[in-house]
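What follows is the residue order along each chain.
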2 protein chains.
Amino acid sequence: MTSPTPHASRVPSDVWTGAGRRVFMQDVGTRDGLQAETVFVPTADKIALVDALSEAGLAKIEVTAFVSPQAIPVLADASEVMLGIRRQPGVIYTVLVPNVRGAERAIEARADELNLVMSASETHNLANLRMTRAQSFAGLAEVAAMARQADGVGDADDAGEGEGGVARGAGVPLNVSLSCSFGCPMEGDVPVATVLGWCERFLEELGARGVTLCDTTGMAYPTQVVALVRAFRERWPDAELTLHFHNTRGMGLANVIAALDAGADRFDASLGGLGGCPYAPGATGNVCTEEIVHALQCMGLDTGVDLARLIAAAKRLPGLIGHPVPSQIVSAGRRLDLHPRPRDFDAIRDRALARNA
Amino acid sequence: MTSPTPHASRVPSDVWTGAGRRVFMQDVGTRDGLQAETVFVPTADKIALVDALSEAGLAKIEVTAFVSPQAIPVLADASEVMLGIRRQPGVIYTVLVPNVRGAERAIEARADELNLVMSASETHNLANLRMTRAQSFAGLAEVAAMARQADGVGDADDAGEGEGGVARGAGVPLNVSLSCSFGCPMEGDVPVATVLGWCERFLEELGARGVTLCDTTGMAYPTQVVALVRAFRERWPDAELTLHFHNTRGMGLANVIAALDAGADRFDASLGGLGGCPYAPGATGNVCTEEIVHALQCMGLDTGVDLARLIAAAKRLPGLIGHPVPSQIVSAGRRLDLHPRPRDFDAIRDRALARNA
């Protein structure tokens, strides 16, 4: 009758019980999500989405990308969006920038942080950015030099001084997102030493405030996440570390919890689960913000997010993009959003009880 | 720059590293999955699916249900399917039975185990089974009395003598599936004491070999799973305990890992992710067998399953049921199923390298 596992002897990790730990949720839906759509969402609607995310209590919002409007026309209104949002104290408004030109526009538009991108995989970097990794890094270094000289967002009142503890005035802080940190869809596994080697250059050569380890095509699995987060934390205990997971193979939430258990506390996620995966049509992309927040709140973690407001914001998306969103919380509701009993319930019960008489 | 969490101090659980632990995967796709479809899958195709699951190394297969053919016409061929499958030694072939009549048919069809069902929630039991829980339990007791007198499947050669360590000859073993163990979509949370109280009656009054705690509408969350599995294991360290999760709110895999960390080792899952959720149209139902196996194998756990064969079986489903399956592994492949480089990759690289010259 018994199985070979000693059933009664396990003491589970305290990660499952949450214990009030603070987790910083960062939404990338208006950038990473909308970038994957073909429809141009009107500027006023983008601003309203960002404002809704601010009011819902996200720690950081990747508002838009300062990329070539020819390359990505759906984000051509980056400056208008950035200048139109209502900034909430404590929220970091970050933007993706590919180069110095984009960085200049972003700083003009009062971005709190510049998010730069390159790939841990040479093949992916070439295929996606049309440069070698060395060329990409040289470009990042130019942006970093420029950002150090910049004035930042100006008024201390507007600046994000919240949980991240952002220092202001001496340049605009940088984050670097490292694509394919958990594997490349063309090369396969990427060595941990390669990933950490690039992190070292971002943090120590460029002076980046933070690094985002991106699971660009959903190849991360919990064991690997634990190993990489621990290795990162051992070397850089105080750097801002973000995990950016995709749910392509259904492991998104498990990877978030694994990362939490290994000491991470910042996660990118996308409102509604927006954002596709170019290598797997039909597969989901980014982990969904309201799914992750719902799960972590159930577990007793402190996300700082007002889930009802977040879900209300996600419910606007289908009307804006013209199709349903992958979010299972939009489809199914929260776990205690109850359903009515069947219309004939009383008759069913009466008939059942009559059988006992 | 630092966040208040002491980043470097966490020692993560060993559940993330798997460490070769044996996990028993039980497929419910040909029962729980096909039951939710409107199309009748031909008997020969059902048999082929079960045979493919046997060959893929599933520990237990819920082959079909011996219910009224009027009530569930898509499973009207239960006896033919059971008598047509090629039994693999070590695999348990279980079937759902609602009452004595179904149990008689199941035993005639040489089921290795009878799986009975009732709900932990009075409202759900009435709405779903049209009986009070007390009436359902009385029906289960009738089946149990009958099954104790039955001869079981006959030849020891055919019987499942595998990991479950099934005793044979003295009746047919019973499992009881307790719906709404993690919450009722109409009542809300169900007290742990209520769930354990019914488990006690199944194990100690009915003499059931095992209990399945069912997350019928995807309300389970990891903290709750850990608490319930630990409480169960403390009282019944040797009973066969199965966890049956739905992925309705995206927490399926996280719940599986939480249960593993708390000492569980048996999981129901459905090939292709088949099986809907009546309370959330469009939401996914059962956790997907190949998604769970893929993740657990990545983590180093020993599922005993040949994943390639499992995926091949899942890929047959859309042709049989007439629509795509929710499986993200069918959509996206395994994490190391690599993609070709872009057709113009060499030209991209040559142009990039020329910039350095």
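Please refer to the structure higher up on the page.
Residues numbered from 1 in each chain as written. Chains lettered and ligands numbered in written order. Predicted model: local features only at pLDDT ≥ 70, side-chain atom pairs only at ≥ 80, totals over all residues. Heavy atoms only, no water.

The subject of this paragraph is the interface of chain B and chain A. Contacts between the two partners involve 91 residues from chain B and, on the opposite side, 91 residues from chain A. Approximately 7,800 Å² of surface area, both sides summed, lies buried where chain B meets chain A, with 58% of it carried by carbon and sulfur atoms. Contact with chain A buries area across many residues of chain B, yet B:Arg10, B:Trp16 and B:Arg335 alone supply 11% of it, more than any other trio. Where chain B packs against chain A, one counts four salt bridges. We note a salt bridge from B:Asp189 to A:Arg335, for which the minimum N-O separation is 2.7 Å. (Contact = heavy atoms within 4.5 Å. Buried area = accessible area lost by both parts, 1.4 Å probe. Salt bridge = Lys/Arg side-chain N within 4 Å of Asp/Glu carboxyl O.)

Right, let's get into the sheet that holds strand β3 (residues 92–96) of chain A. Residue and element names in this part refer to chain A. The parallel closed barrel is built from eight strands, whose spatial order is β1-β2-β3-β4-β5-β6-β7-β8. On average, each strand axis in the sheet is inclined to that of its neighbour by 25°, with strand direction left out of account. Sheet topology note: the strand β2 (residues 60–65)/β3 ladder contains five bridges and is parallel. Paired with Thr 64 across the two strands is Val 95, which belongs to β3. Lying on the sheet, helix α5 (residues 122–129) is in contact with β4 (113–119) and β5 (174–179); it crosses β4 at an angle near 115°. Here helix α10 (residues 289–298) sits on the sheet and contacts β1 (24–27) and β8 (266–269); the angle it forms with β1, its principal contact strand, is near 170°. (Pairing = 2+ DSSP bridges. Helix = DSSP H or I, 4+ residues; strand = E, 2+ residues; numbered from the N terminus. Axes fitted to C-alpha atoms, helices over the stretch in contact; angles between N-to-C directions.)

Our next topic: the sheet that holds strand β5 (residues 174–179) of chain B. All names here are of chain B. Taken in spatial order, the eight strands close into a barrel running β1-β2-β3-β4-β5-β6-β7-β8, and their pairing is parallel. Pairwise comparison of adjacent strand axes, ignoring direction, gives a mean angle of 25° for this sheet. In the sheet, strand β1 (residues 24–27) pairs with strand β2 (residues 60–65) via two bridges, with the strands oriented parallel. Of the residues in β2, the one forming a bridge with Gln 26 is Lys 60.

Residue and element names in this part refer to chain B. Looking at the element boundaries, Thr 212 is found in strand β6 (residues 210–214). Within the local environment of Thr 212, its side chain forms a polar contact with the side chain of Asn 175, the two groups lying 2.9 Å apart. Those residues in contact with Thr 212 that sit more than four places away from it in its chain are Asn 175, Val 176, Ser 177, Leu 178, Thr 242, His 244 and Asp 268. (Polar contact = N/O pair within 3.5 Å; in protein donor to acceptor, adjacent residues only side chain to side chain.)

Let us now look at helix α6 (residues 133–149) of chain A. Spanning 17 residues, α6(A) covers 25 Å between terminal C-alpha atoms, matching the ideal 24 Å at 1.5 Å per step. Turning to α6(A), its buried residues are A:Arg133, A:Gln135, A:Ser136, A:Phe137, A:Leu140, A:Val143, A:Ala144, A:Met146 and A:Ala147. (Expected span 1.5 Å × (residues − 1). Buried < 20%, exposed > 50% of the residue type's maximum accessible area, 1.4 Å probe, protein only.)

For the coordinates displayed, the defined rule picks out 40 salt bridges over all chains. For B:Asp346, the salt bridge identified is with B:Arg341, shortest N-O distance 3.9 Å. Taking the relative accessible area as the measure of exposure, B:Asp346 reaches 41% and is therefore partly exposed. Looking at B:Arg341, the relative accessible area reads 41%, which means it is partly exposed. It is possible to trace a salt-bridge network through shared partners that takes in A:Lys60, A:Glu113, A:Arg209, A:Glu240 and A:Arg266.

On to the relation of the copies chain B and chain A. Taken as rigid bodies, chain B and chain A are interconverted by a rotation of 180° and an axial shift of 0.0 Å, the fit giving an RMSD of 0.0 Å. Put plainly, the chains are arranged around a two-fold axis. (Least-squares fit on C-alpha atoms with pLDDT ≥ 70 in both.)

A word on the nonpolar core. Judged by nonpolar contacts, the single largest core of 230 residues is most densely connected at A:Leu114, A:Phe202, B:Leu114 and B:Phe202. Beyond its immediate chain neighbours, meaning those up to four positions away, B:Leu114 contacts B:Thr94, B:Val95, B:Val97, B:Ala103, B:Ala106, B:Ile107, B:Val143, B:Ala147, B:Val172, B:Pro173, B:Leu174 and B:Asn175. (Core = buried A, V, L, I, M, F, W, Y, C linked by side-chain atoms within 4.5 Å.)

Let's shift gears to unusual backbone geometry. All names here are of chain B. One non-glycine residue, Arg 130, lies in the positive phi region at around 60°. Along the chain, Arg 130 turns up in the loop between α5 (122–129) and α6 (133–149). Take Arg 130: its relative accessible area is 40%, and that puts it in the partly exposed class. Non-glycine residue Cys 180 carries a positive phi angle of around 60°. Along the chain, Cys 180 turns up in the loop between β5 and α7 (192–205).

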